[in-house]
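# Observations on chain architecture
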Amino acid sequence: MDATTLTDQLEAVLAKPETLSGLDNDVTKRRLSEAAFRLNLALEAGGDTIHRLTNAPLELALSRVGVQTGLWTALTKENALLPLTNSQLAKETKIDPALLKRLLRYYQSKGMVAQTGEDAFAPNNITKALASVGGSSGINYFAEMIYPALMGIPEYLRKTEHANPSNPDFCPWHVGHKTEESPFSWLNTHPECMGYFLPWMAGQREGNPEFLDSFDFEKEVGAGSDSSAPVFVDVGGAIGHQCILFKSRYPQYSGRIVLQEQAHVIEQVKAAPPPGMDGIDAQTYDFWGPQQLKGARAYYLRNVLHDFPPHKAKEILTNIKAGMTEQSVILIDEMVLPEIATPWRAASLDMDMLACLAGVERSAKEWGEIFEAVGLELVRTVQYTVQCNDCIMVLKQK
Ligand SMILES: C[S@@+](CC[C@H](N)C(=O)[O-])C[C@H]1O[C@@H](n2cnc3c(N)ncnc32)[C@H](O)[C@@H]1O
């Protein structure tokens, strides 16, 4: 194949992505995106590599400038007459036009906005992601809370002679933030950050399929359930977004739908219930003690166990088991990492977990060791995203 022909084709696609057929297929879209990403890296000049790596923090820092000034929302306003000029955007965001010119130069170079003329700017898919509630919360949350922990990794690993972190009370987080507090208790005393964390938990998977798109709850778990037992209990469910999703997909169940969380989160949910929360019970439960709500059809945990090293994950599952009856299952909604070619998003999340909590993203074998140790039987695994290998694992008591 000739490089010029391929380049012409790629440029034509970039100019009009909608003309490319087959992009409605998730697997094809993913393959193309991954191939383009790998090609970019494979063609990178040695000098560029170091500049790309050393300037990586700029992306987060300048994304945050766009959030704090309202630039992303100004660009994506529903009735905005596109394209927008520097002076229009400067007026709206109150950024000095001379500075905005420099920022916009950077943003277009990183594909964060589309530059359609010398002084003409329009939103693209990246701008829209940055403007979303989940996206802007995620940027603030990572900048404030996660980034110092990531930068603490090298010093922490030097101190621990490069052992795999397994102590949640001493992680790169503690080194980076120069604190003895754990991230969750730190969050309690930093309400501004808590305000970023909860919407980020709700919005972090925006655009991805939900587990209920691939998992037939009625067939697998719910058939024959009645009002005598809770039908769906989301343990550590943040502000209840999965309970709300469940209720909207399965309005027919008479059994209770319950959100279980730490006391301060429940207080927040009760003070300002998110839309769709009516009819859902919000209940304080600390998963370091035995489950008090007995006999639920499903105890659901999404992204809870990845926060913890194996001995802690086993403790949580043992506590939940205390509530199970023969009819109950535990549904674990987590990534199951492949042994080769792990997607970048999954591998990055593994490092985030390592840095903040001595947590870990796990392969099928690693999950299996945990289930075996606490006497749970894995009945079935249903994968529901290709981006991150997100799966539902259905577990019964042995
Ligand atoms: C990574 S978040 C996952 C949130 C949610 N399940 C989701 O997928 O969006 C972990 C959640 O566990 C909750 N949590 C932490 N410690 C807890 C505890 N001891 N008991 C109950 N929930 C806890 C946190 O408040 C947080 O919302």
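Residues numbered from 1 in each chain as written. Predicted model: local features only at pLDDT ≥ 70, side-chain atom pairs only at ≥ 80, totals over all residues.

## Considering the overall build of the chain
If you tally the helices and strands in the chain, you get 20 helices and 10 strands. For the chain, the residues scored as buried account for 33% of the 398 residues in total. Contacts in the chain between residues at least 24 apart in sequence constitute 70% of all its contacts with a sequence separation of at least 6. (Helix = DSSP H or I, 4+ residues; strand = E, 2+ residues; numbered from the N terminus. Buried ≥ 20, exposed ≤ 12 C-beta atoms within 10 Å, placed from the backbone. Contact = placed C-beta atoms within 7 Å.)

## A few points about the domain arrangement of the chain
Annotation of the chain at the domain level lists domain 1 (1–42), domain 2 (55–131), domain 3 (133–203) and domain 4 (211–397). One C-alpha centre belongs to domain 1, the other to domain 2; they are set 25 Å apart. (Domains from an automatic or database assignment.)

## Description of the UniProt feature "active site" (unreviewed entry) in the chain
On the UniProt side, "active site" (unreviewed entry) is annotated at positions that read His 306 here. On the basis of neighbour count, His 306 is assigned to the buried category, with 20 C-beta atoms found within 10 Å. Not counting residues up to four positions away in its chain, the partners in contact with His 306 are Glu 334, Met 353, Gly 359, Val 360 and Glu 361. (UniProt positions renumbered as here; feature names shortened; annotations may be inferred.)

## Some details on the site of the ligand
If you check the shell around the ligand, you find 16 residues, and the closest are Met 201, Gly 236, Ala 238, Arg 302 and Asn 303. Class assignment for the residues of the shell around the ligand results in 8 nonpolar, 4 polar and 4 charged. (Near = placed C-beta within 6 Å. Nonpolar A, V, L, I, M, F, W, Y, C, P; charged D, E, K, R; others polar.)

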